[in-house]
Each structure stands twice: as structure tokens, then as C-alpha cells.
Amino acid sequence: MKIHFTKPLFYALLLTFSFSCKTNTKSKLKTEVTPVTGLITQKAMVVSAREEASKIGADILKKGGNAFDAMVGTEMALAVTYPFAGSLGGGGFMVYRKVNGEVGAIDFREKAPLAATKDMYLDENGNPIPEKSQLGAMAIGVPGTIAGIFAVHKKLGSLPIEDILNPVVALANKGFVITEKQKKRFDQYKELFLEVNQDTILFAKNYKAGDTLKNEKLAETLKRIIKNGASEFYTGETGRKLVERIQSKGGIITMEDLSKYEVKWRNPVRFEYKGLSVISMSPPSSGGVCLAQIMKMIEPYDLKQYGHNSLKTIQVITEAERRAYADRGFYLGDPDFVNIPLDTLISKEYLSYRMRDFSFDKATLSSDINCGMISGYESDETTHYSIVDSFGNAISATITLNGAYGSKLYVPEIGTFLNNEMDDFSAKPGTPNMFGLIGAEANAIAPEKRMLSSMTPTIVEKDGKLWMSVGTPGGSTIITSVLQTILNVKEFGMTMQDAVNAPRFHHQWLPDVVVFEPESFSTSLIDSLKQKGYKINQETSKIIGIVDGILVLPDGRLEGGADKRGDDTAIGF
């Protein structure tokens, strides 16, 4: 792993040289209300985007399986019931904490195909062709999901794989009930499904809420995977069907690409915040680094005194986010390909320097803020689940296809959508991807390179003990949603359920605008921010994150927080 640890000898220079990479107001919409508490259980819990997936995970725990067994079952159940983001054709990250305090992380992120080139999404004038990296076969990265679940099971699981996955096969054959939210998504993307696949597919039919959708082809695929293991997907019949479909639609992924795929066990990013020890995902996810930067930049400020979603609290968080996302765009990428000054980026000295020009009097312009000087030197279309087992092990996993239903290319013989993760690379440094994120050379396309991600699966300790497992989908808003959820509990004393339900806001450096969830913040608060020079987006904003979390209560019981914004469900015992 090529992670470069830069010593902080440059801070004197920072103070002498200018460098650029290019009143306590508490606004509340309503009076105090009684706290809402999520599901509370004694021993174990699973919180995910679908009730069926949470139930399969919880059932695994009930029959003696651990959190890692439940991870495998929950992941595959989401591939059945939540094709919006769950799939055999995607990838993701997981952070874990074992009962003995040991922590770790696994990277089963997608990779660029061997035939990928740096300029593969540029036209003859050198300008990006967004639809080429977002729709269809050319947008697909080599999937890592199946390799990921088998690697987790081999290293950390306890039950036989057939005991874990047979219930998922049964679920695919029996089918799941389409919710109102799912029906709307199917309708919204139907035309793209037909355009990309040039034919109707299972998910492009005229469904109604309450209909049952069966995916028998996916059940058959899972049976082959149970029998043959991960090799079924990467060198076997399933892999051949996958490659055949991709190449028939003009894609470049080959059987060699599949056979060369491997997961990476990573050291998570770990840092302290006001008595908490936060364990989050390391590169090629930007989540842990950015979360550490933001939390360390805001740590000197008394958010609790300022108040939840008050003017000062929003200012401090927004300005820290602005600076962290600027660094994200310049320094972060696949650590196997680029040097990342990790120690420096999350050091107290560097982050104090980054906030040196912040003032409560007015907004900092993003045009005046870029990456910091260091000497020598991704949407709703994701999903998250948190699991705590009765033994005390915990996992936090975030998985994705990138865009909604990924590339929209479906493999009928396998029963799964394929990702469009190639759009998470910087097709051209300095130009935004589908989430508006700006990238640099560190995240340029290269064969077998992993694309940068915003996924932020996170585990938090308090007093040396497990305290929280949390994460969310939401593209570029993932980091800020996880941040605000942790702060809601730590700084503002919320329950887990209230913490995930609370209104959220987001800033990502560029575009220079603060996005607020609609109809969630007072007019007087918004006006005060505008007077200080903040550009506001409430009109066209959408849901910011769908957070799932588990909080360990002082008496050892577990409280689940399943975000009201989705069909998310907590199940435990």
C-alpha cells in the first residue's frame, strides 16, 4: 500500500507563504417534542434498507451466527429486494470491530478493466462525455461484491455458507412486495432501462405497490454460487454470462478482468473526537479521511452551546466541510496507485491551519479555498446496513452500484444490474462527476485501479467500548450525513432514531452552495445565512442520506435508528 506519511515540517512555511491549488441564534421550526426512540433490543440487531434483508440477517444471528455471517446474508438479501443499490454487480466497504476490540476494514470496491485508459470518456476535443461513463456497458467497473462476502466469510464467519444463503435463494424465488417508494423508482427509470437494454427487463414492467416481484434467475445464480463459491462469479458459468452480456453491449470487461479481481484488507482511519474513538473507512474511500478532517476542524467549537442546526453550528460545520472536500478532490485516490499524505491530512496542526481564515462574520468563498499545501507532495444510489451480534461484534457496511440501478444494464440470465462506478474516476481533472464532485490526477483512470468513493461505514467507541455503528447512502452527501448523525447523539443528546431522522444540510466545496433538505429549516435561519454570504439551495434539493445506525445504550441494550426517508427497518432480539 503506497501511503506516504508526510512529517509536519512545513507548517512554518504555511504561515509565511500564501498557497492555493486553485450572536447565538437558535432557529427552530417547532417547539420541543418528545424524543422518538427506535427499536430497542437486548442482544442483537440488524438495520438495513429493507425489512426482508434485516430479517434474514437477524435470523442468522438468532441461530448462532455472528455479525459477519449476518453481513453475508443481509448483503445478498439486499441484492434481491433492493436492486436500486444492492446487486451482485457492485462493490463496497465494510468496517468491523470484534468483541475483543480488534478493528479492521475490507475493500471490495470495483476496479477499472485492464483495457481502461485515462482519456476513455473524452471526446475529440478533450471534453468529458458524461453519458459514456454513466450509462451502459462502458460505465461498468469490475464487480467486487461476491469476492467481498466470501472473503469476509472465510476470515470471520462461523456458519456454513449454505446455511447463510439458502434463505436468500428462497426469498428470490418467493419474491418480495414492492413498496410505494420502489414503484416510483421503477417508473422513474423505466425508459432508461429500455434504452440501455434495448429490450424489456424484469424491472421495467408496469408494477403496482403491493405486487410481488420474483427473481428466479437470481435464485439460480445464488445456487451456483453456494455450490462453487466466489469462483463461480469470477471464473465460472456466471462470470462467462456476465462478460458475454457486457461485451454484447459494447463493453470492455473480460474474463481476465474477473479472474484478476481481489479484495483488499485495509487499516481503517482512526481518530478521536471529544472522548469518542471513531473508526471509519480508509482510501480508496474518502469517507474516513474527510470525516476525520471535518470532526477535528469543528472540535474546538462548542456546538452543544450553539444548539442543533443553529446559525453558528451550521456555519462551523459548513466551513469545515468546504475545506475537507477541497482536499478530497486533490489528494485522495487508490492508495495502491498514489501517495496519500494521510498523517498530515488528519493532523491537528494542519487542520488548525485550514480553519485559520474562518470567521462567523461571513462565508468563506470556495473560489478562495482550495487544497491545503503539503510539502512534497459518490447518492441515494448506495445503501448501508449496520449489524451488532449477541457476542459483541459489530460491522458497518456500505455497498453501491454508484448511480440508481448502476449503469442500468441488466443481465437477465443472472438476474442482476451492473454498476456504473467508472464515473467515480476523474474523467478529466477539474470537471465534476454525476455527484458534482471535482477530482484531480490522484483519481485519474488507470487499469485495475479502484475509483475514489464517498462511502463512510463507521464504528464509534466510547470509553473503550462499542458505542455506535452508522452509515448511509447518498453519493457526495454520505460523509456529511454520517457526521451530522454522530453529532446529533454526541453533542445534542438525541436518541438514535431522532439522530437519523433529523433534518440535514450539506456542502462539498464545489459547487459553492449549501444544500438544505426542503421545508426543514426556518426562513429566519436561511435569511441569516444569506446575509453572511452563503448561497443556499432549498428549492431543488432532495433527501440527504438515508442513515441506518445502532447505538449501544448505557445499560448495554441496543437502539436501532432506521431512517424514515426510506423503507429502512431495524430487526433484532
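Residues numbered from 1 in each chain as written. Predicted model: local features only at pLDDT ≥ 70, side-chain atom pairs only at ≥ 80, totals over all residues. Heavy atoms only, no water.

**Student:** Would you mind showing me how to read the overall build of the chain here?
**Tutor:** Along its length, the chain carries 19 helices and 21 strands. The C-alpha radius of gyration computed for the chain amounts to 22 Å, which stays within 12% of the reference 25 Å derived for 573 residues, consistent with globular compactness. For the chain, the spread of C-alpha atoms along the principal axes amounts to about 60 × 60 × 45 Å. As displayed, the chain offers around 20700 Å² of accessible surface, 51% of which is attributable to carbon and sulfur atoms. (Helix = DSSP H or I, 4+ residues; strand = E, 2+ residues; numbered from the N terminus. Rg over C-alpha atoms; globule rule 2.2 N^0.38 Å. Areas by Shrake-Rupley, 256 points an atom, 1.4 Å probe, with all protein chains shown as cover.)

**Student:** Got a minute to help me understand the UniProt feature "binding site: L-glutamate" (unreviewed entry) in the chain in this structure?
**Tutor:** Taking the UniProt record as the reference, the feature "binding site: L-glutamate" (unreviewed entry) is found at Arg-109, Thr-400, Leu-401, Asn-402, Asp-424, Ser-453, Ser-454 and Gly-475. Secondary-structure assignment places Asn-402 in the loop between β11 (394–400) and β12 (410–411). Relative to the helices and strands, Ser-454 is located in the loop between β13 (416–417) and β14 (458–462). There is a polar contact of 3.1 Å between the side chain of Ser-454 and the side chain of Arg-328. (UniProt positions renumbered as here; feature names shortened; annotations may be inferred. Polar contact = N/O pair within 3.5 Å; in protein donor to acceptor, adjacent residues only side chain to side chain.)

**Student:** When you look at the sheet that holds strand β2 (residues 45–48) in this model, what are you seeing that I'm missing?
**Tutor:** Paired through their backbone hydrogen bonds, the strands of a sheet run either parallel or antiparallel. The seven strands lie next to each other as β7-β4-β3-β11-β10-β2-β21, forming an open sheet whose pairing is antiparallel. The open sheet has two edge strands with one neighbour each: β7 (264–266) and β21 (569–572). For this sheet the average axis-to-axis angle between neighbouring strands, irrespective of direction, equals 15°. When strand β10 (residues 382–388) meets β11, the two strands line up antiparallel, connected through seven bridges. When the bridges of β11 are listed, Thr-383 appears paired with Ile-399. Along the sheet face, helix α2 (residues 51–62) touches β2, β10 and β21 and points at about 160° away from the line of β2. Helix α5 (residues 145–156) contacts β3 (91–97), β4 (103–108) and β7 of the sheet and is inclined by roughly 150° relative to β4. (Pairing = 2+ DSSP bridges. Axes fitted to C-alpha atoms, helices over the stretch in contact; angles between N-to-C directions. Contact = heavy atoms within 4.5 Å.)

**Student:** Help me understand the side chain of Thr-221, please; the structure alone is not making it clear to me.
**Tutor:** Within the secondary structure, Thr-221 is located in helix α8 (residues 216–228). For Thr-221, a relative accessible area of 0% corresponds to the buried category. Aside from chain neighbours lying at most four places away, what touches Thr-221 is Leu-88, Thr-238, Glu-413 and Ile-414. (Buried < 20%, exposed > 50% of the residue type's maximum accessible area, 1.4 Å probe, protein only.)

**Student:** Sorry, what's going on with helix α6 (residues 161–174) here?
**Tutor:** Three or four residues apart is the spacing at which side chains of an α-helix point the same way, because the helix has 3.6 residues per turn. Compared with the 20 Å implied by 1.5 Å per residue over 14 residues, the 20 Å span of α6 between its first and last C-alpha is a close match. Taken as a whole, α6 has its buried residues at Ile-161, Ile-164, Leu-165, Val-168, Val-169, Leu-171 and Ala-172. The buried side chains of α6 occupy one side of the element, clustering within an arc of 160° when seen end-on. Elements in contact with the buried residues of α6: α2, α3 (67–81), α5 and α8. Positive phi shows up at Gly-175, right after α6, with a value of about 95°. (Expected span 1.5 Å × (residues − 1). Arc of directions from axis to C-beta.)

**Student:** Would you explain the UniProt feature "active site" (unreviewed entry) in the chain in this entry?
**Tutor:** UniProt records the feature "active site" (unreviewed entry) for Thr-382 in the present numbering. Along the chain, Thr-382 falls in strand β10. In this structure Thr-382 comes out as buried when scored by relative accessible area, which is 0%. Leave out the neighbours within four places in its chain, and Thr-382 touches Tyr-82, Ala-85, Thr-398, Ile-399, Thr-400, Met-455, Pro-473, Gly-474, Gly-475 and Ile-478. Here Thr-400 takes part through its side chain, which lies 3.2 Å from a polar atom of the side chain of Thr-382.

**Student:** Even after reading the chapter, I still don't get the packing of aromatic side chains, so can you show me in this structure?
**Tutor:** Both the distance between ring centres and the angle between the ring planes are used here to describe each pair of aromatic rings. On inspection of all chains with the given rule, the structure shows 25 aromatic pairs. Each ring, one from Phe-186 and one from Tyr-207, has its centre 6.0 Å from the other, and the planes form 50°; the classification is tilted. A residue pair is termed long-range when its members are at least 10 positions apart, and Phe-186 in helix α7 (residues 180–197) and Tyr-207 in the loop between α7 and β6 (212–213) qualify at 21 residues. An angle of 85° between the planes, with centres 6.1 Å apart, marks the rings of Tyr-301 and Phe-360 as edge-to-face. Taken together, the residues span a long stretch of sequence, with Tyr-301 in the loop between α12 (287–298) and α13 (303–306) and Phe-360 in the loop between α16 (348–354) and β10 at a distance of 59 residues. Assessed through its relative accessible area of 19%, Tyr-301 is described here as buried. Its relative accessible area of 21% is what places Phe-360 among the partly exposed residues. Every member of this aromatic cluster is reached through a ring pair, and the members are Tyr-82, Phe-84, Phe-186, Tyr-189, Phe-193, Phe-203, Tyr-207, Tyr-405, Tyr-410 and Phe-417. Its end group placed over the ring of Phe-84, Arg-185 keeps NZ or CZ at 4.4 Å from the ring centre. Note that Lys-312 overlies the ring of Phe-360, its terminal NZ or CZ placed 4.9 Å from the centroid. (Phe/Tyr/Trp six-rings, centres within 6.5 Å; stacked < 30°, edge-to-face > 60°. Lys NZ or Arg CZ within 6 Å of the ring centre and 35° of its normal.)

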